[in-house]
Amino acid sequence: SKLLSDEENLKLFGKCNNPNGHGHNYKARLLISLLLSLQIDPVSGMVINLTDLKEYMQEAIMEPLDHKNLDKDVPYFAEVVSTTENVAVFIWENLKKLLPMGTLYKVKVYETDQNIVVYKGEETISE
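Residues numbered from 1 in each chain as written. Predicted model: local features only at pLDDT ≥ 70, side-chain atom pairs only at ≥ 80, totals over all residues. Heavy atoms only, no water.

Note the following rule: UniProt positions are given in the numbering used here, feature names are shortened, and annotations may be inferred rather than shown by experiment.
Under an unreviewed UniProt entry, the name given to the protein is 6-pyruvoyl tetrahydrobiopterin synthase, and the organism recorded is Corythaeola cristata. Its UniProt record gives the protein a comment under Function (unreviewed entry), which states: "Involved in the biosynthesis of tetrahydrobiopterin, an essential cofactor of aromatic amino acid hydroxylases. Catalyzes the transformation of 7,8-dihydroneopterin triphosphate into 6-pyruvoyl tetrahydropterin."

Overview of the side chain of Thr84
This is how the line gets drawn: Starting at the N terminus, helices and strands are each numbered in turn, a helix being any DSSP run of H or I of at least four residues and a strand any DSSP run of E of at least two. Side-chain atoms alone can form a polar contact between residues adjacent in sequence; in general such a contact is a pair of N or O atoms within 3.5 Å, and within protein one must be able to donate a hydrogen while the other accepts it.
Checked against the element boundaries, Thr84 lands in helix 4 (residues 84-98). Here Glu111 takes part through its side chain, which lies 2.2 Å from a polar atom of the side chain of Thr84.

Topic: the pairing of strand 3 (residues 116-120)
Stated precisely, the cut-off is as follows: Categorising residues by exposure relies on relative accessible area from a 1.4 Å probe, with only protein chains included: less than 20% of the type maximum marks a residue as buried, more than 50% marks it as exposed, and the intermediate range marks it as partly exposed. Here the rule is simple: two strands pair whenever DSSP picks up at least two bridges between them.
Of all five residues in strand 3, four are buried, a share of seventy percent or more. Both strand 2 (residues 104-110) and strand 3 contribute to a ladder of four bridges, which runs antiparallel. When the sheet's bridge partners are listed, Val107 is paired in strand 3 with Tyr119. Counting the residues in the hairpin turn of strand 2 and strand 3 gives five residues.

As for the environment of Glu63
Selection rule: Residue contacts are defined here by distance: any two heavy atoms, one from each residue, within 4.5 Å place the two residues in contact.
Inspection of the secondary structure puts Glu63 in helix 2 (residues 50-65). Those residues in contact with Glu63 that lie beyond four places of it in its chain are Gln58 and Lys68.

A few points about the packing of aromatic side chains
Rule in force here: Aromatic pairing here means that ring centres of Phe, Tyr or Trp (its six-membered ring) are within 6.5 Å. Orientation follows from the plane angle: under 30 degrees is stacked, over 60 is edge-to-face, and everything else is tilted.
In total, this model carries four aromatic pairs according to the counting rule given. Between the aromatic rings of Tyr76 and Phe77, the centroid separation amounts to 5.0 Å while the plane-to-plane angle is 80 degrees, which identifies the pairing as edge-to-face. Given a relative accessible area of 3%, Phe77 falls into the buried group. Taken together, Tyr76, Phe77 and Phe90 form an aromatic cluster joined through their ring pairs.

Concerning the confidence of the model for the protein
Worth spelling out the cut-off: pLDDT gives the predictor's per-residue confidence on a scale running from 0 to 100.
Summary statistics for the protein give a mean pLDDT of 80 and a share of 77% for residues scoring 70 or more. Per-residue pLDDT, averaged within each element of the protein, yields its smallest value for strand 4 (residues 123-126) (54) and its largest for helix 4 (93).

Let's talk about helix 2
Going by this rule: Residue count minus one, scaled by 1.5 Å, sets the expected span of a helix. The angle separating two fitted axes, one through the seven residues that finish at a residue and one through the seven that start at it, defines the bend at that residue.
For helix 2, which comprises 16 residues, the first-to-last C-alpha distance of 21 Å matches the rise-based estimate of 22 Å (1.5 Å per residue) to within 8%. The largest bend along helix 2 reaches roughly 40 degrees and is located at Gln58. Looking at helix 2, one finds that the buried residues are Leu53, Ala60, Ile61 and Leu65. Following helix 2 by one or two positions, His67 has its phi on the positive side, about 55 degrees.

What to know about a negative patch on the surface
Put simply, the test is: Candidates for patches are residues over 30% relative accessible area with no salt bridge; among them, like charges are joined within 9 Å and nonpolar side chains (Val, Leu, Ile, Met, Phe, Trp, Tyr) within 5 Å. In these tables, accessible area is a Shrake-Rupley quantity obtained with a 1.4 Å probe, and a residue counts as shielded only by the protein chains included in the view. Any carboxyl oxygen of Asp or Glu that lies within 4 Å of a side-chain nitrogen of Lys or Arg is treated as forming a salt bridge with it. Residues scored as charged are limited to Lys and Arg (positive) and Asp and Glu (negative), so that His and the chain ends carry no count. To locate a charge, the coordinates of NZ of Lys, CZ of Arg, CG of Asp or CD of Glu are taken.
There is a patch of like negative charges on the surface, built from Asp52, Glu55, Glu59 and Glu63. In this structure Asp52 comes out as partly exposed when scored by relative accessible area, which is 31%.

Points about the nonpolar core
Nonpolar side chains tend to gather and get buried jointly when the protein is soluble and globular. What counts, and what does not: Among buried residues, the Ala, Val, Leu, Ile, Met, Phe, Trp, Tyr and Cys ones that are joined through side-chain atoms within 4.5 Å form a nonpolar core.
In this structure, Leu65, Phe77, Val87, Ile91, Leu95 and Val107 are the most contacted members of the largest nonpolar core, which totals 21 residues. For this core, the leading source of residues is helix 4, giving seven residues.

Overview of the environment of Ile40
Looking at the element boundaries, Ile40 is found in the loop between strand 1 (27-32) and helix 2. When its relative accessible area of 53% is taken as the criterion, Ile40 is described as exposed. If sequence neighbours within four positions are ignored, Ile40 has contacts with Gly45, Met46 and Val47.

Set out below in structure tokens:
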């Protein structure tokens, strides 16, 4: 965090504190809610076309984040600490702009098998 001293960053972030950065291979799971208020298309049988969903995920997640140094290559993280929590918020905000209103239920980001963040808009839950 740019708001903390080197000593404070080391104490707070431990081994993840590296001025030159460190990497993760995040996994994200998205759950699109199939609310009763949403109409299933009678022709396709889907609430959302899966081809469209893949394109939205490409635009909202893969293009801005894949193989990037979050702190240096993604403008959002120039002022926001690139924690798993904030990665989940970033994904949520980007997807929400593209998906039909009310379809995004939660974003689940795996930093490791033990460090998982679930984000549901205003509410963040660590599992």
